Each structure stands twice: as structure tokens, then as C-alpha cells.
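Each chain is listed here by its residues.
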Amino acid sequence: MSQTNAEEIGRAHRRVAPPSVPVVTFDPYSDEVMSDPYPYYQEMREAGPLVWIEKYETYAVGSYNSVTRVLTDHDAFCSSAGVGLTNFHTEPPWRKPSIILEVDPPNHSRTRKVFSRILSPRSLNKLRERFEQEAQAMISGLIEKNSCDGVHDLAEAYPLKVFADAVGLPSDGREHLLPYGDMVFNAFGPQNERFRQCLAKLGPSIEWINEVCQRKNLREDSFGAELYAAADAGEITHEEAGLLVRTMLSAGLDTTIFTIGNALACFARYPEQWAIVRDDPSIARQAIEEVLRYESTFHSFYRTTTRPLNLEGVELDKNQKVLVVVASANRDTNHWASADTFSVERKPAANVAFGTGIHGCAGQMIARMEAEIVVKALAAQVERFEMLGEPKLHFNNTVRGYSSLPLRFVSKAKKKGN
Ligand code: OVM
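Residues numbered from 1 in each chain as written. Predicted model: local features only at pLDDT ≥ 70, side-chain atom pairs only at ≥ 80, totals over all residues. Heavy atoms only, no water.

Spatial ordering of the open sheet is given by 5-13-10, a layout of three strands whose pairing is antiparallel. Each having just a single partner strand, strand 5 (148–149) and strand 10 (382–387) make up the two edges of the open sheet. Pairing of strand 10 with strand 13 (residues 406–411) involves five bridges; the strand directions are antiparallel. Within strand 13, the residue paired with Glu-386 across the bridge is Arg-408. (Pairing = 2+ DSSP bridges. Helix = DSSP H or I, 4+ residues; strand = E, 2+ residues; numbered from the N terminus.)

All right, on to the environment of Val-277 then. Among the structural elements, Val-277 can be located in helix 14 (residues 271–279). Accessibility expressed as a relative area gives 0% for Val-277, which makes it buried. It is 9.5 Å that separates the C-alpha atoms of Val-277 and Leu-378, two residues lying 101 residues apart in sequence. (Buried < 20%, exposed > 50% of the residue type's maximum accessible area, 1.4 Å probe, protein only.)

Attention now moves to the site of the ligand. Close contacts around the ligand come from Arg-95, Ser-98, Ile-100, Leu-101, Val-184, Phe-185, Phe-188, Thr-247, Ser-250, Ala-251 and Phe-298, and that covers them all. Within the side chain of Arg-95, a nitrogen or oxygen atom sits 2.7 Å from an oxygen atom of the ligand. Interatomic distance of 2.6 Å between a side-chain N/O atom of Thr-247 and an oxygen atom of the ligand. Calculation on the ligand without its partners gives an accessible area of 300 Å², and the protein chains cover 89% of this total. For the shell around the ligand, the element with the highest residue contribution is helix 12 (residues 238–251), accounting for three residues. In the shell around the ligand, the residues fall into seven nonpolar, three polar and one charged. (Near = heavy atom within 4 Å. Polar contact = N/O pair within 3.5 Å; in protein donor to acceptor, adjacent residues only side chain to side chain. Areas by Shrake-Rupley, 256 points an atom, 1.4 Å probe, with all protein chains shown as cover. Nonpolar A, V, L, I, M, F, W, Y, C, P; charged D, E, K, R; others polar.)

One open sheet holds the six strands; their spatial order is 1-2-3-9-6-4, and the pairing between them is mixed. Looking at the sheet topology across the chains shown, the edges are occupied by strand 1 (23–24) and strand 4 (77–78). For strand 2 (residues 50–53) and strand 3 (residues 58–61), the ladder comprises four bridges, and the chain directions are antiparallel. Bridged to Trp-52 within strand 3 is Tyr-59.

Between Pro-105 and Pro-106 the backbone carries a cis peptide bond, its omega angle lying at 5 degrees. Along the polypeptide, Pro-106 turns up in the loop between strand 4 and helix 5 (107–118). In this model, Glu-57 sits at a positive phi of 50 degrees, which is unusual for a non-glycine residue. Tracing the backbone shows Glu-57 in the loop between strand 2 and strand 3. The buried category is assigned to Glu-57, whose relative accessible area is 17%. In the Ramachandran plot, Asp-221 falls in the positive-phi region, its phi being about 55 degrees despite a non-glycine side chain.

Tallied over the full model, the rule gives 19 aromatic pairs. Their ring planes at 80 degrees and their centres at 5.8 Å tell us that Phe-185 and Phe-188 sit as a pair that is edge-to-face. Three or more aromatic residues joined by ring pairs make a cluster, and in this case those are Phe-267, Tyr-270, Trp-274, Tyr-294, Phe-342, Phe-385 and Phe-409. Stacked on the ring of Tyr-38, the Lys or Arg Arg-331 has its end atom at 3.6 Å from the ring centre. Over the ring of Tyr-294 we find Arg-331, and its NZ or CZ is 4.1 Å from the ring centre. (Phe/Tyr/Trp six-rings, centres within 6.5 Å; stacked < 30°, edge-to-face > 60°. Lys NZ or Arg CZ within 6 Å of the ring centre and 35° of its normal.)

Glancing now at helix 10 (residues 205–212). The α-helix advances 3.6 residues per turn, and as a result positions three or four apart in sequence lie on the same side. Of all the residues in helix 10, the buried ones are Ser-205, Trp-208, Ile-209 and Val-212. What you see down the axis of helix 10 is that its buried residues fit within an arc of 100 degrees, all on one side. As for helix 10, its buried residues are in contact with helix 8 (177–186) and helix 12. (Arc of directions from axis to C-beta. Contact = heavy atoms within 4.5 Å.)

So, on to the packing of helix 13 (residues 254–269) against helix 14. At a minimum axis separation of 5 Å, helix 13 and helix 14 run at an interaxial angle of 110 degrees. In terms of orientation, helix 13 lies roughly perpendicular with respect to helix 14. Across the interface between the two elements, Phe-267, Ala-268 and Arg-269 from helix 13 touch Pro-271, Trp-274 and Val-277 from helix 14. When the residues that make up the contact of helix 13 with helix 14 are grouped by side-chain class, the tally is five nonpolar, no polar and one charged. (Axes fitted to C-alpha atoms, helices over the stretch in contact; angles between N-to-C directions. Parallel < 35°, antiparallel > 145°, perpendicular 65-115°, else oblique.)

Right, dumping it as C-alpha cells:
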């Protein structure tokens, strides 16, 4: 058989890397890699700024420069083919695509504008006091309990209360938000066993989510109500308002929950770093940036090429998926000094945990606000964290965090003998 024939036959079954692209053979979605992905990310960066992931027959970028290059060129690297491995041009999405995430300009610009206004710092300032009171009360309660699960009792409880209130959700049924979010983020990865099991268990959660996105179920004076008001004003349609409520519920819980959990895990694991924050809470915000850099919550997502192009010296065809590993960019030793060290005193610099470019996280200000308020409330009350058992990781195709953190919050007051 001639070589050309063999190649053509091979291509029908399996796509191979163009000759100049380094191949990586690990599966970024395996439990093994997810248990500690950073050495694998290093292997990927050392192989080159652009690599081929053999298992999923897709490109990937993991260096700080290649990640930002892809994310800042939304004309060449689009979102409308989906930001998961599934290519919406050739395979059906598991749900109706998001009208803000999985869409390109000019449609994206219209929905993004409304969304950004509702989540602007000005609008968030009105929520700050309520958010602070809730954090203080929750943390006082946990100190009294003497032991808690940092995930269930704080990382989950806090956004499920304050963020869901801000969106305008009813109090009952909020437990549906977690399996739904888990599904959303698994769906950005491959349709692996994890994806299938999650989908099989989803049951009534999808219906609950779709139900609470309707205007009649949302409280007045809430983000949800504001989205519908934007529809009354003709900026978006009423159906779009419902889909943007769905975006808030998809993007706003797991992300902040895992970020708060990752912060607790970092502070419990590096007590000397906690002591720095506790003694100078004015650096809480900077500390959260460092948690996001060191243990990025959103690990990776995809873009799709809109035309043949050259990336990092490689010719890519049109309609190619590129995995963008922001968590790897945030550990790139060519960009960060002591990249693998958790240091709350690191000068805040642009990490890409929230992405960058026109699709950079629209909720990043409220996410930072929630995390900062929790850290400051902890700094006011907690001397140190004692780990009472093994932390348990939660495995998800896209977001990284814990399912359990058995902790004791040791009170500052107790130490002083009060
Ligand atoms: C959405 C959505 C879902 C998950 C994440 C996200 C990071 C957006 O439904 O629009 O942004």
C-alpha cells in the first residue's frame, strides 16, 4: 500500500498530529491526572506552547503566552462551536447553547452588555453589607460547632445563600443547583464515564432550573428581575432573559464554591500563609488572586478555529478544537517566579483564572467579592485551621475543587482566653 493510501485510510479512523506538533499521551480527564495535574501541565509546557492531545485528537495550549494569544483573538478562535470538546457544528449539544458563553460577536456583545451592567461594581456595592453579615454569622456558627466540613458548611452554604438570594431564587430546591452545575462543567470535557454518570443522575434538576428561570418565580429587586426589566426595555427578548438567568445559575455556583473551598484548603495546608492574611486582612483580595492562580478553579475549556491559521509555528485547519489550559498558564515558570509556591504576598499580576478577552468572566467581580468577604470574615475570627481528616477532591471534567474538607476553625478569641 502506498504511504498516501495508508494515511488516507488512517485519517478516516483516527486524526493524527501534524508532523511538527509535539504529542502528549496523558488523559487530562483521568482521575490520575486530576489528582495532581500540575506535573502533567509542566510536561505539556515543556513539550511546546502548542501540543496535540492524542487521546482526544485535539490541540492544546498551556503556556501563559499561547493561552493569552488564543483567548485574545476571538475572530480566529471562536466560542460559537461550543467551549467544550463537543463541536456544535457537527455534534448536538446536551442543552440549548448559552447565549453569552457559546456565541460570538455581534450576538455576544448584546447579551454581554446587559449582563455586565447588572453585575457591575456599582450594582454589587448594594449587596456588600448583606454578604458581610451572612459570612460573619456563618463563620461564628462554625467556630462554635468545633468541627465542620469546610465544603458543605461554608464553601457551598455561602454562595447557595447569598448568590442564589441575589439572583432572586426561591429558598426551596436550591440543592438542585449543585448537580446541575456539575453537569454543565462536565459537559465542557469529553463524553466520558464521568459525563454519562452525571447526566444519568441529573433527573429533576434540569426541570427545576428551567422553572426558576421564569419571571414569576424570581423575587423582586434581584439580578433575575433586572434581566427581565432589560427585556421589558427591549434590550433582549424575554426568552433571552430566562436564558441569562440560566447562565447565572450555571456559572455562578460551582465556580465560587470551589474557589472558597480551594482557599480553605490552601490556608489549612499553609498555616504560615494564613497567619499573614489573618494579621493583615487588607491583603485578602490579593490572597484570593493567589488562590485562583495556584489552584485555578476553572481548569480548561476550548476554542474552535474559524479559518486556517498559524499558531506557534503550526498550520491549523479550520474547525479545529484547541484546549485552553488556563490552570497551566497560571503555573508557567516562564511567566511566574516560583510558580509552584503558594504565596499570598505575591504582587497581584494578571492571572488567567477568569480567562481574558471578550469572554473573560462576566461574574468575576461578584466572585471576588464573595471570596474576599469570606476571607476577611475568617481573618476576623479564626486563629488557624486544623485539618481533622483527609480532604476529598471532587472530580469534574472542567472545574477543580473539593467535595469534603474536615476542619476545625480555631477561634482567635479562645486563644486570648476569653
Ligand atoms: C452559561 C455558562 C455556563 C458555565 C460557565 C459559564 C464560565 C457560562 O450557561 O452561560 O461561564
